[in-house]
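Letter by letter, the chains look like this.
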Amino acid sequence: MENILSKKDLPQALESVATPCYLYDFDILCATLAAIRREVPENDPSYRVHYAIKANGNPRLVKEIARYGFGADCVSGGEVKLALESGIPAERIVYAGVGKTDAEIEFAISEGIGCLNVESLPELEVINEIAGKLGKKADIALRVNPDIDAHTHEYITTGLEENKFGINLPLLPGVIKRMKEMENITFRGIHMHIGSQVLNMEPYALQCERAMQIQEMFEKEGLTVESINVGGGLGIDYDAPEANPVPDFKAYFDTFRRNMKLREGQTLHFELGRAIVAQCGSLLARVLYVKEGVSRKYVILDAGMTELIRPALYGAHHVIRNLTSTSEQSDTYDVVGPVCESSDCFAKGEVLPVTHRGDLIAIRSAGAYGEAMSSGYNCRSLRPAIFVE
Ligand code: LLP
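In what follows, the accompanying structure is described. All values reported here derive from a predicted model rather than from experimental measurement.

Examining the overall build of the chain
Reasoning step 1: Regarding its fold elements, the chain presents 11 helices and 18 strands.
Reasoning step 2: Relative to a compact globule of 389 residues, whose C-alpha radius of gyration would be 21 Å, the chain shows 22 Å and is just as compact.
Reasoning step 3: For the chain, the spread of C-alpha atoms along the principal axes amounts to about 70 × 40 × 40 Å.
Reasoning step 4: The buried share of the chain, taken over its 389 residues, is 55%.
Reasoning step 5: Counted over contacts in the chain with a minimum sequence separation of 6, partners at least 24 positions apart contribute 72%.
Reasoning step 6: Here the chain has roughly 16900 Å² of accessible surface; of this, 50% comes from carbon and sulfur atoms.
Reasoning step 7: Here the chain contributes 40 positive and 54 negative side-chain charges, whose respective centroids are spaced 1 Å apart.

What follows is the structure in structure tokens.
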């Protein structure tokens, strides 16, 4: 079957779709990208938005995002390669990650990417050495752990001192001192990321304050901070995806416009992942069985944690819709997948219209960290993506 569906053919076209699969709605993606562009036009001299590819590396989505002039935030050599292949210019690519391999560092420097976000002194030493061997200078930013609580799930908070990311503030002076001696490093700026699925703007205001304090540490050492990268993390409405398909980018960017006083010529960089792609994606599944238990009923889907691991891993809840039931009555179900793990459960006590074998189910807000975190556990095969244009 063709993997592009036309909106006018829905919902009938979905009836013959092979499940499980990811369904991406380009209208929502484009409305989201346009909403960001309203807040940060492509020719804005100081604000630069990078798409965090980790949220979804589907090449078709990345290409569309590239068309809007966004840069890329990468966390592996594979992502850097994908960004380049998708038409994102090297100078708009930033690359973070606590464990970059020598081969990945060499590749990134050779391609001339905009910035390597360095997470430790040993990594900086290796980058300096590799750049020297290549006869190049590596553009770097130091990723600083800002020790800010983003008030989100403990597995997706990254900016606390105990997290493995970035250089802890007390260690920064020593790293700066050593960096100044390195011959093959060009210092560009600082990088931070406080966490993911952040809906309260307060931690971002705090982050601005922290960034400005940290920049002074560099300036005292005679270094110019050309760029400040505040990472990503803007959250989405998982409870009402249809009512709120586009996140509140105005509130987000206004927080930075209000709280971050940029120096002349300085650029502020953002790395948004979830906020760009989450709401355009649904995981489509069919009901294999409706099974009676002693005290509960189970809707068993042909999709499971192998297609969307967020409920199993973080206890996340995604809205579940039965697209084909015509029943006026509802019932309460545990909605589960076929994988051999008790945690392979999308929702407990979910109220759905009376559901039967063969019904088509959509699990919403699956565009971010759905396909990207899919696995072949239980020898399950890779799921196709379908695009609605
Ligand atoms: N920049 C850095 C340095 C990051 O570590 C992350 C995400 C982002 C940007 C993009 O964050 P976003 O805008 O998408 O929140 N798998 C988890 C989320 C992990 C986020 C990891 N880092 C989930 O499904 O909730």
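Description of the site of the ligand
Reasoning step 1: Inspection of the region around the ligand gives 18 residues, with S196, E271, R310, Y314 and Y369 positioned closest.
Reasoning step 2: Separating an oxygen atom of the ligand from a side-chain N or O atom of R310 is a distance of 2.6 Å.
Reasoning step 3: Contact between the ligand and Y314: a nitrogen atom at 2.7 Å from a side-chain N or O atom of the residue.
Reasoning step 4: Residue assignment for the shell around the ligand shows that the elements contributing at least two residues are strand 11 (267–272) and helix 11 (310–314).
Reasoning step 5: Of the residues in the shell around the ligand, the class split is 6 nonpolar, 6 polar and 6 charged.

Some details on helix 4 (residues 77–85)
Reasoning step 1: All buried positions along helix 4 are accounted for by G77, E79, V80, L82 and A83.
Reasoning step 2: Buried residues along helix 4 sit in contact with helix 3 (59–67), strand 4 (71–74), strand 5 (93–95) and helix 5 (102–111).
Reasoning step 3: Looking one or two places after helix 4, you find G87, whose phi comes out positive at around 95°.

Let's talk about the packing of helix 5 against helix 6 (residues 121–134)
Reasoning step 1: At a minimum axis distance of 10 Å, the contact between helix 5 and helix 6 shows a crossing angle of 55°. Taken together, the axis directions place helix 5 and helix 6 in an arrangement best described as oblique. The element helix 5 and its partner helix 6 pack so that their crossing is right-handed. Of helix 6, the residues touching helix 5 (which contributes D102, I105, E106, I109 and S110) are V126, I127, I130, A131 and L134.
Reasoning step 2: Residue classes in the contact of helix 5 with helix 6 are distributed as 7 nonpolar, 1 polar and 2 charged.

Some words on the packing of aromatic side chains
Reasoning step 1: As enumerated under the stated definition, the model contains 13 aromatic pairs in all.
Reasoning step 2: Note on Y22 and Y24: the rings are 6.4 Å apart at their centroids and 15° apart in plane angle, and the pair reads as stacked. For the residue pair Y22 and Y24, the accessibility class agrees, reading buried in each case.
Reasoning step 3: Summarising the aromatic geometry, the rings of F26 and F387 are spaced 5.7 Å apart at their centres and angled 75° between planes, so their arrangement reads as edge-to-face. Of the two residues, F26 sits in helix 2 (residues 26–39) while F387 sits in strand 18 (residues 385–388), which places them 361 residues apart along the sequence.

Side note on the layout of surface pockets
Reasoning step 1: In this structure, the second largest pocket encloses a volume near 410 Å³.
Reasoning step 2: In this structure, the second largest pocket is lined by 26 residues; those nearest its centre are R48, H50, E91, R92 and H269.
Reasoning step 3: Elements with a minimum of two residues in the lining of the second largest pocket: strand 3 (47–52), strand 6 (115–118), strand 9 (185–191), strand 10 (227–229) and strand 11.
Reasoning step 4: The element contributing the most residues to the lining of the second largest pocket is strand 3, with 4 residues.
Reasoning step 5: Counted by class, the lining of the second largest pocket contains 8 nonpolar, 10 polar and 8 charged residues.

Things to note about the pattern of salt bridges
Reasoning step 1: In total, this model carries 25 salt bridges according to the counting rule given.
Reasoning step 2: Measuring nitrogen to oxygen at the nearest pair gives 2.9 Å for the salt bridge that ties E64 to R67. You can see E64 and its partner R67 sitting in helix 3, 3 residues apart, about one turn around the helix.
Reasoning step 3: In this structure, E307 engages R383 in a salt bridge whose closest nitrogen and oxygen atoms are separated by 2.9 Å. Residue E307 is located in the loop between strand 13 (297–301) and helix 11, and its partner R383 is located in the loop between strand 17 (360–363) and strand 18; the two are separated by 76 residues in the primary sequence.
Reasoning step 4: With a relative accessible area of 0%, E307 lands in the buried category.
Reasoning step 5: Connected through shared salt-bridge partners, K7, D25 and D27 make up one network.

What about the packing of helix 2 against helix 3?
Helix packing geometry: the angle between the two helix axes and the distance between the axes.
Reasoning step 1: Running from N to C, helix 2 and helix 3 cross one another at 35°; their axes reach a closest spacing of 11 Å. Judged by the twist between their axes, the crossing of helix 2 over helix 3 is right-handed. Two secondary-structure elements touch here, helix 2 through F26, L29, C30 and L33 and helix 3 through R60, L61, E64 and I65.
Reasoning step 2: Of the residues contributing to the contact of helix 2 with helix 3, the split by class is 6 nonpolar, no polar and 2 charged.

Digging into helix 5
Reasoning step 1: Of all the positions in helix 5, only I105, A108 and I109 are classed as buried. Buried residues of helix 5, seen end-on, are gathered within an arc of 95° and therefore sit on one face of the element.
Reasoning step 2: Next to the buried residues of helix 5 lie strand 5, strand 6, helix 6 and strand 7 (138–145).
Reasoning step 3: A positive backbone phi angle near 70° is found at G112, which sits one or two residues after helix 5.

Definitions and cut-offs
- Residues numbered from 1 in each chain as written.
- Predicted model: local features only at pLDDT ≥ 70, side-chain atom pairs only at ≥ 80, totals over all residues.
- Heavy atoms only, no water.
- Helix = DSSP H or I, 4+ residues; strand = E, 2+ residues; numbered from the N terminus.
- Rg over C-alpha atoms; globule rule 2.2 N^0.38 Å.
- Buried < 20%, exposed > 50% of the residue type's maximum accessible area, 1.4 Å probe, protein only.
- Contact = heavy atoms within 4.5 Å.
- Areas by Shrake-Rupley, 256 points an atom, 1.4 Å probe, with all protein chains shown as cover.
- Lys, Arg positive; Asp, Glu negative; His and termini not counted.
- Charge placed at Lys NZ, Arg CZ, Asp CG, Glu CD.
- Near = heavy atom within 4 Å.
- Polar contact = N/O pair within 3.5 Å; in protein donor to acceptor, adjacent residues only side chain to side chain.
- Nonpolar A, V, L, I, M, F, W, Y, C, P; charged D, E, K, R; others polar.
- Axes fitted to C-alpha atoms, helices over the stretch in contact; angles between N-to-C directions.
- Parallel < 35°, antiparallel > 145°, perpendicular 65-115°, else oblique.
- Left-handed = near helix turned anticlockwise from the far one by under 90°.
- Phe/Tyr/Trp six-rings, centres within 6.5 Å; stacked < 30°, edge-to-face > 60°.
- 1 Å grid on protein atoms, 1.4 Å probe; cavity = no way out; pocket = protein on both sides within 12 Å on 5 of 7 lines; lining within 4 Å.
- Points joined across faces, edges and corners; volume = space filled by probe spheres on them.
- Salt bridge = Lys/Arg side-chain N within 4 Å of Asp/Glu carboxyl O.
- Arc of directions from axis to C-beta.

Any functional reading would require information beyond the geometric quantities listed.
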